[in-house]
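Each chain, letter by letter, is given below.
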Amino acid sequence: MLNTTTEFDPGTVLSEQLSWHFENQARPRLDGLTDEELDWEPVADCWGVRRRSSPEQKGSGDWTIDFAHPAPEPAPVTTIGWRLAHVVVGVLGARAASHVEAQFRWGSADYDAWPYAGTADEALAQLDATYAAWSDGVRGLTPADLHRQVGPAEGPWAEHSMGDLVAHINREAIHHLAEIALLRDLYAHR
């Protein structure tokens with residue numbers, strides 16, 4: 001629900017920006033996601049989440065994510081599974097763990113240690129958990145929290161305010177979830 005008061009509250013606006021999009025647009029579009037959609041490659045050589053084939057791959061479980069830093073140019077097209085894993089780990093999970101002290105049953109929220117989901121149901125469970133942790137944490141931020149620097153956990157963002165980081169995470173989550181919706185549309189009409 002959007003803030004209907006006339007008093008401007010940046011914390012509420014930032015919190016509601018992502019929650020409205022997630023709860024009214026993005027998450028409903030993921031209902032019924034299948035394992036086939038999760039792994040569908042719309043073009044050749046997509047990055048995805050795959051069953052482990054070597055110990056060097058990113059992830060701690062049976063499933064790993066294709067990943068390179070820096071990314072190749074041009075960056076590969078990614079599957080729905082890859083994009084969900086990116087939102088879960090790199091966008092929401094890592095930030096919830098480092099800034100609002102969230103803990104997840106899957107363990108550490110980083111690309112090397114995360115046990116990636118091999119099924120659509122598990123990917124959505126991870127998405128729901130990391131979204132809830134991040135959004136609950138953002139709702140609990142005070143105006144003073146939004147003005148403090150995020151610090152070294154954010155590397156090049158270290159000097160930015162928590163409010164800047166929240167706005168950035170909102171943009172990242174919203175645009176990647178919209179990309180996933182488009183991939184679902186393309187899958188349905190292939």
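Just above sits the structure.
Numbers given for residues are sequential positions, taken from 1 along each chain in its written order. Owing to the predicted nature of the model, reporting of local features is limited to residues with pLDDT of at least 70; listing and counting of side-chain atom pairs is limited to 80 or more, with chain, interface and lining totals taken over all residues. Note that the side-chain values use all heavy atoms of the structure and ignore hydrogens as well as water.

Peer 1: Is there a simple way to think about a negative patch on the surface in this case?
Peer 2: Each patch is built from residues that are more than 30% exposed by relative accessible area and take part in no salt bridge. Like charges join if they lie within 9 Å; nonpolar side chains (Val, Leu, Ile, Met, Phe, Trp, Tyr) join within 5 Å. The Shrake-Rupley method, run with a 1.4 Å probe, gives the accessible areas here. Residue values count only the displayed protein chains as cover. When a carboxyl oxygen of Asp or Glu lies within 4 Å of a side-chain nitrogen of Lys or Arg, that pair is called a salt bridge. By the counting scheme adopted, Arg and Lys are positive, Glu and Asp are negative, and His together with the chain ends is not counted. For this purpose, a charge sits on NZ of Lys, CZ of Arg, CG of Asp or CD of Glu. A cluster of acidic side chains, namely Asp35, Glu36, Asp39 and Asp121, defines a negative patch on the protein surface. Of the residues forming the negative patch, the biggest block, three residues, is contributed by helix α2 (residues 35–39). Secondary structure is summarised from DSSP: a helix means a run of H or I of at least four residues, a strand means a run of E of at least two, and numbering begins at the N terminus for each. As for its placement among the helices and strands, Glu36 is situated in helix α2. With relative accessibility at 55%, the residue Glu36 sits in the exposed group. Think of it in three bands: with a 1.4 Å probe and only protein chains considered, a residue is buried below 20% of the maximum accessible area for its type, exposed above 50%, and partly exposed in between.

Peer 1: What is the right way to read unusual backbone geometry from this model?
Peer 2: Note: most residues except glycine have negative phi, and most peptide bonds are trans. The residue after His69, namely Pro70, is reached through a cis peptide bond having omega 0 degrees. Within the secondary structure layout, Pro70 lies in the loop between β2 (63–65) and α3 (80–99). Omega for the bond connecting Glu73 with Pro74 falls within 30 degrees of zero, at -5 degrees, which places this linkage in the cis form. Positive phi outside glycine occurs at Asp45, with the angle close to 65 degrees. Inspection of the secondary structure puts Asp45 in the loop between α2 and β1 (49–51).

Peer 1: Quick question: what am I supposed to make of the pattern of salt bridges here?
Peer 2: Should the charged atoms of two oppositely charged side chains come close, the side chains can pair. According to the stated counting rule, one finds 10 salt bridges in the structure shown. The shortest N-O distance in the salt bridge between Asp31 and Arg27 comes to 3.2 Å. With a relative accessible area of 18%, Arg27 lands in the buried category. For Lys58, the salt bridge identified is with Asp112, shortest N-O distance 2.8 Å. Of the two residues, Lys58 is situated in the loop between β1 and β2 and Asp112 in the loop between α3 and α4 (120–139); the sequence distance between them amounts to 54 residues. For Lys58, a relative accessible area of 26% translates into the label partly exposed. Residues joined in a network through salt bridges with shared partners are Arg27, Asp31 and Asp128.

Peer 1: Looking at this model, I keep getting lost on the environment of Gln149. Mind explaining?
Peer 2: Tracing the backbone through its elements, the reader meets Gln149 in the loop between α5 (143–147) and α6 (162–188). We call two residues in contact when some of their heavy atoms are within 4.5 Å. Aside from chain neighbours lying at most four places away, what touches Gln149 is Ala158, Glu159, His160 and Ser161. Polar contacts, as used here, are pairs of N or O atoms within 3.5 Å; protein pairs need one atom able to donate a hydrogen and one able to accept it. Residues neighboring in sequence count only if both atoms are side-chain atoms. Side chain to side chain, Gln149 and Glu159 meet in a polar contact 3.1 Å long.

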